[in-house]
Each structure stands twice: as C-alpha cells, then as structure tokens.
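# Summary of structural features
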Amino acid sequence: MTVTIPAELKRSLKRLREVRARRPSEAQSLAFAEWRDEMADVLDELAQRLLFESDREQAAAAAEAARAQANEIRARVG
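Figured I'd write up the structure that's included with this text. All of these numbers come straight from a predicted model, not from anything done at the bench.

## As for the overall build of the protein
Counting its regular elements, the protein contains three helices and zero strands. In sequence order, the secondary structure elements of the protein are arranged as α-α-α. C-alpha atoms of the protein, sized along the principal axes, occupy 50 × 20 × 15 Å. Classification of the 78 residues of the protein by burial places 28% in the buried group. Long-range contacts, defined as pairs at least 24 residues apart, comprise 62% of the intrachain contacts of the protein with a sequence gap of at least 6. Working note: accessible area of the protein is about 5300 Å², and carbon and sulfur atoms make up 51% of it. Charge centroids of the protein, computed over 14 positive and 14 negative side chains, lie 6 Å from each other.

## Re the packing of helix H1 (residues 7–21) against helix H2 (residues 30–49)
Close contact between H1 and H2 brings their axes to 9 Å; oriented N to C, the two are set at 165°. As the angle between them shows, H1 and H2 are arranged roughly antiparallel. Every pair of crossing elements has a handedness; the one defined by H1 and H2 is left-handed. Listed contacts from H2 to Glu8, Leu9, Ser12, Leu13, Arg15, Leu16, Val19 and Arg20 of H1 are Trp35, Glu38, Met39, Asp41, Val42, Leu43, Glu45, Leu46 and Arg49.

## Some thoughts on the packing of H2 against helix H3 (residues 53–77)
Closest axis-to-axis distance for the H2/H3 pair is 8 Å, and the angle between their directions is 165°. Regarding the angle of H2 to H3, the classification is roughly antiparallel. H2 and H3 meet at a crossing whose hand is left-handed. Along the lines of polarity and charge, the residues of the contact of H2 with H3 split into 15 nonpolar, one polar and eight charged.

## Quick look at H2
In this model H2 runs 29 Å from its N-terminal to its C-terminal C-alpha over 20 residues, within 8% of the 28 Å that 1.5 Å per residue would give. Of the residues making up H2, those classed as buried are Phe32, Ala33, Trp35, Arg36, Met39, Ala40, Val42, Leu43, Leu46 and Ala47. Contacts from the buried residues of H2 go to H1 and H3.

## Some thoughts on the nonpolar core
With 18 residues, the main nonpolar core has Leu16, Val19, Trp35, Met39, Leu46 and Leu50 as its most contacted residues. Here the element with the most residues in this core is H2; it accounts for nine residues. Excluding its chain neighbours within four sequence positions, the residues that come into contact with Met39 are Leu16, Val19 and Arg20.

The rules behind each value
Residues numbered from 1 in each chain as written. Predicted model: local features only at pLDDT ≥ 70, side-chain atom pairs only at ≥ 80, totals over all residues. Heavy atoms only, no water. Helix = DSSP H or I, 4+ residues; strand = E, 2+ residues; numbered from the N terminus. Buried < 20%, exposed > 50% of the residue type's maximum accessible area, 1.4 Å probe, protein only. Contact = heavy atoms within 4.5 Å. Areas by Shrake-Rupley, 256 points an atom, 1.4 Å probe, with all protein chains shown as cover. Lys, Arg positive; Asp, Glu negative; His and termini not counted. Charge placed at Lys NZ, Arg CZ, Asp CG, Glu CD. Axes fitted to C-alpha atoms, helices over the stretch in contact; angles between N-to-C directions. Parallel < 35°, antiparallel > 145°, perpendicular 65-115°, else oblique. Left-handed = near helix turned anticlockwise from the far one by under 90°. Nonpolar A, V, L, I, M, F, W, Y, C, P; charged D, E, K, R; others polar. Expected span 1.5 Å × (residues − 1). Core = buried A, V, L, I, M, F, W, Y, C linked by side-chain atoms within 4.5 Å.

So, in structure tokens, the structure goes:
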C-alpha cells in the first residue's frame, strides 16, 4: 500500500525542518524565545494538516508548550 502525502503537508514538514535548523545556540536568549514562537506557528500549521487526530493533538500541544517556553524566557531575560 502506497501512501500519498498531500502537498500541503509536505510544505509544512519542509518548513518545520527549515525553522528547526535555525535554532539559536543560546537557550536563554530573546532570539531563542522568538525561535520558539516561530516553531509554535509551524507546529500549529502542521497540526491542521497531519493525517491522524493523535498527531494533530500532539502538534498542537507542542505548539502550546513552545509558546509557554518563549514567554518564560522573555519573563526571565526581557
């Protein structure tokens, strides 16, 4: 059985890889907080396109956690 991956999902996965590759080295910086927000946006996008409900829920939860982490970093650093 061959599974065809929808083009929109492929684009979202590519964007996820691109954003992940830009991860700043300093974890307690404003740049890292901005990157976590960007990751959250990508994960939200991915959550809308994943094929299985459990995967969509996991991506949405990861997006929420990324935003929370970004806010915590800003509170400490900012």
